[in-house]
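Structure assessment
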Amino acid sequence: MKNKDLLSDLLLDGFVEGNNSQTDFKKTVFQYLKYWWLFLISVLFFGSLTYAYIFFSTPMYNISSSIIIKVNEGSDFSQNVVFSELEGFETTKQIENEIEILGSWSLMRDAIEELPLETTYFLEDQYGRIREIYGGQVPIQVAIVEKNNSLFEIPEETKSRLVIEGDHFVIFEGENAKKHAYGDTISNWYGSFTVRKSYEFNEFTPKDLLVSFNNKDQIAGTYSSRLRVSLSSKFASVLSLTLLDAVPEKGKDVLEKVIEVYNYQAVKEKNKTAENTIAFIDNQLSTLVQEVKDVESQIEAYKRENNISDLGVEYTSFVENSKTYEAELSKNRIQIEVLESIEDYLDNPEGVGNEVPSTLSIEDATLTNLITNFNELQSDKVRISRTVQPSSPILLNLEDELASLRRNIKANINNIKNGLEISNRNLAQNINQIDSRISKVPEIERGLLELTRIQNRKQDQFLYLQSKREESELSLAATTVSNARVIDAASAGSSPAKPNKALLYGLSLLLGMGLPFAFVYLKSSLSSKILQKSEIKEILKRPILAEISHHSEKGYLAISKNKRSPIAEQFRLARTNLFFLSEGTPFKTIMVTSSISGEGKTFFSINLAISLSLTGKRVAILEFDLRKPALFDGLKLNPGLGIADYINNPSLTPADLYTYSDATENLTLISCGTLPEDPSELMLNERVADLFAKLKENFDYIIVDSAPIGTVSDGLSLAPYLDMSLFIVRYNYTSRENLEFIREMELHSKLDNLYFIANDAKVGPGEYGYAYGYGYDDKKRPKRKIYS
């Protein structure tokens, strides 16, 4: 019993036949290898599709450039101690704004407007592929004379075929063809244009072109969607710009133009403050010049009327003091006027959204900084409003900051005006004192002195404003430094970025292998048949005595005395396991059954009997399937008298039933005989026990080929006479439902020493070399070397 239990455990764990997981793995691999043609067709199909897609698709190249943005750090807000401790707070905010501006459609539209992209030129090769040509590759130049501004309906086909024929060319639009000379003005749906030869005309070989007339708004939208602007590092203000285009040279021109227009617009925004200041000064100067002329005319008329040529020397000191006070008073009044103009500018609704003019002569650092900050925020607001919605948090934040600065500026102006008014009152008192002393001078000289004083004040104002205007012009001329400096000029990659050949071929290989794999997997998963040995053990929890591979030869005989095929070795292994289980006391009566017909029980019974007889044992095989016998038909033998005849005729002896086979001399066969009408009742006859008792006396082994116990109970009627039962499970034939039914029957409790046989294992060539590699066919049997 010790050897029996040990072998049963080993069989259940799958160690006798070899490693069970390896065997199942090999079967799984072969299950997929059976469909190698499907994998090959699928891989070739998807590979061909990928090749065709890559071949006919337009290659796209990455054009990249990098620029460094100059960050403004002059505002009090960015120098705040609290915010300066937040790493990159203000810098990151400004950089993000610039990224939005660089990627905006409006900036791209301005750049496209400055490039000659009204027309695009294409060549069509022999395979029907259309490729764009650009710049020096184009043999002609199409110049737009007048564009149709009412392009509400654009035709479906915007390309016109142009064929070069010597000194003229032909334009095909649909089915219409018109011949033109170079330089002629031609009209179509786009407008009017002329065609001229380029420098490369004579070197251009293809004479057939496709000319497309473009809408620059659409081109700007296309390029804007292809442009990617990203921050190269969190701690730097360097931006990477990447543009995708089919023509590298064209992409480089577009990217360079975007950077150029960006810098131009940034400089233009910075110059707005200086321009507004100059406009304000010019307005003041135009009024002041007229006032100076009026005063000079008054002095000239006064002198002519009163015959005055010069003032008395004694009043020189009074005049100088008066001029000094008047100059200071004039300066203060100018500052008050400037402050009032700034207040009017801030309160005027039409000025909202514009920058505040310069403070000119107001020598107040606080007001200067407030106005500078206000103008910088106003400029940022104008730039950002082009790319974001009015409800954007960025704009709302800027509005709040501008409103706060506006209140601070007005409060500061009030303070300065109060101080200037106090100073003016003091100066007026001093002037009144001098005037009271001058009143003693003759009335004529006093009148002339007053006119001269007014003249000097106006001249001082004129000179002061003129100097401030020059300063503003110098500031305007100095503000030409671009907002971004190019680090890496625009350059194109050497290979196309799209289509990605490696990715596409990888996906095609994945699909080519994955779809057949999924098909085979689903087919096996959805199948209700037993496909692997592990499924048998999973359902039945019983040991497997042997595994028999597929028998592809004709006939039932798979083993003979000199046969060394893999399947013959498998039957020998089954015999060895059988001997090991017997522990010296052989299981003489062995029934072979299955769940349904066709699972190979007759085939296994015959070859197991032959295998046992080859050891010199006397073996009898009984055709105990009294319903559909197949043993004698399979061996092409005449059945003669059989089991049913023996049971019904008491005069017969077992020897009357014997039939002998040429397969081996120790094998005796007994047929079922005449098919009975009541096989189940017949098998309960006491003559059945008598038959088994007499056969055990004359034979070492009795192999019973019974009816399938999954459909009829005939086999269970023989249980009292059996020493062992072998249940056949055929791969890809026996259903899981049948095994579930057998398990529910608790067959192991009704049949002693029940073991299972896995039949019809279809594996690839050489697969059994691992477990049964020592076998060989008779034709390949090695010959021993004979030594003399």
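It should be noted that the structure appears before, not after, this text.
In short, a report on the structure.

Reading the values: rules and limits
Residues numbered from 1 in each chain as written. Predicted model: local features only at pLDDT ≥ 70, side-chain atom pairs only at ≥ 80, totals over all residues. Heavy atoms only, no water. Helix = DSSP H or I, 4+ residues; strand = E, 2+ residues; numbered from the N terminus. Buried < 20%, exposed > 50% of the residue type's maximum accessible area, 1.4 Å probe, protein only. Phe/Tyr/Trp six-rings, centres within 6.5 Å; stacked < 30°, edge-to-face > 60°. Lys NZ or Arg CZ within 6 Å of the ring centre and 35° of its normal. Pairing = 2+ DSSP bridges. Axes fitted to C-alpha atoms, helices over the stretch in contact; angles between N-to-C directions. Contact = heavy atoms within 4.5 Å. Parallel < 35°, antiparallel > 145°, perpendicular 65-115°, else oblique. Left-handed = near helix turned anticlockwise from the far one by under 90°.

Considering the environment of Gly598
Residue position: Gly598 is located in the loop between strand S15 (589–594) and helix H16 (601–613). Residue Gly598 is classed as partly exposed on the basis of its relative accessible area of 37%. Taking the C-alpha atoms as reference points, Gly598 and Pro708, 110 residues apart in sequence, are found 9.3 Å from one another.

What to know about the packing of aromatic side chains
One pass over the structure, following the stated rule, counts 16 aromatic pairs. With 6.2 Å between their ring centres and 35° between their planes, Phe579 and Tyr701 make a pair best called tilted. With a gap of 122 residues between them, Phe579 in helix H15 (residues 566–582) and Tyr701 in strand S19 (residues 701–706) connect regions that are remote in the sequence. Overall, the relative accessible area of 30% leaves Phe579 in the partly exposed class. What links up through ring pairs into an aromatic cluster is the set Tyr51, Phe55, Phe56 and Tyr127. Between Arg129 and the ring centre of Phe55, over which it is positioned, the NZ or CZ distance is 4.0 Å. Its guanidinium or amino end placed over the ring of Tyr733, Arg730 lies 5.0 Å from that ring's centre, counting from NZ or CZ.

Some remarks on the sheet that holds strand S12 (residues 238–245)
Taken in spatial order, the 4 strands line up as S11-S12-S1-S13 in an open sheet, and their pairing is antiparallel. A single partner strand is all that each edge strand has here, and the edge strands are strand S11 (228–231) and strand S13 (484–492). With direction set aside, neighbouring strand axes in the sheet form an average angle of 20°. In this fold helix H7 (residues 216–226) packs onto S11 and S12, with an angle of close to 125° to the strand it touches most, S12.

Overview of the pairing of strand S1 (residues 61–69)
One face of the sheet, then the other: side chains in a regular strand alternate in exactly this way. The pairing of S1 with S12 spans 8 bridges and is antiparallel. Within S12, the position partnered with Ser66 by the bridge is Ser240. Alignment of S1 against S13, held across 6 bridges, turns out to be antiparallel. From the neighbouring strand, Ile67 faces S13, where its bridge partner is Val486.

Brief notes about the sheet that holds strand S21 (residues 754–761)
One open sheet accounts for 8 strands, arranged S14-S21-S20-S15-S19-S16-S18-S17; its pairing is mixed. Both edges of this open sheet fall to strand S14 (544–549) and strand S17 (659–660), since each of them pairs with a single strand only. Pairing of strand S20 (residues 724–730) with S21 involves 6 bridges; the strand directions are parallel. The residue bridging Phe727 from the neighbouring strand is Phe756, located in S21. Against the sheet, helix H14 (residues 533–540) makes contact with S14, S20 and S21, and its axis sits at roughly 150° relative to S14, the strand it touches most. This element, H15, spans S14, S15, S19, S20 and S21 of the sheet and lies at about 170° to S14.

Quick word on the environment of Gly128
Tracing the backbone shows Gly128 in the loop between strand S2 (119–124) and strand S3 (130–133). Considering only alpha carbons, one finds Gly128 and Phe56, 72 residues apart in sequence, at a separation of 8.2 Å.

Here we look at the packing of helix H6 (residues 105–113) against H7
Pairs of packed helices are described in terms of their axes, by the angle between the two and the distance that separates them. Interaxial distance between H6 and H7 falls to 9 Å at its minimum, and their mutual angle equals 125°. Judged on the interaxial angle alone, H7 and H6 are oblique. The way H6 lies across H7 gives a crossing that is right-handed. Between H6, through Trp105, Met108, Arg109, Ile112 and Glu113, and H7, the contact on the second element is made entirely by Lys216, Asp217, Ile219, Ala220, Gly221, Tyr223 and Ser224.

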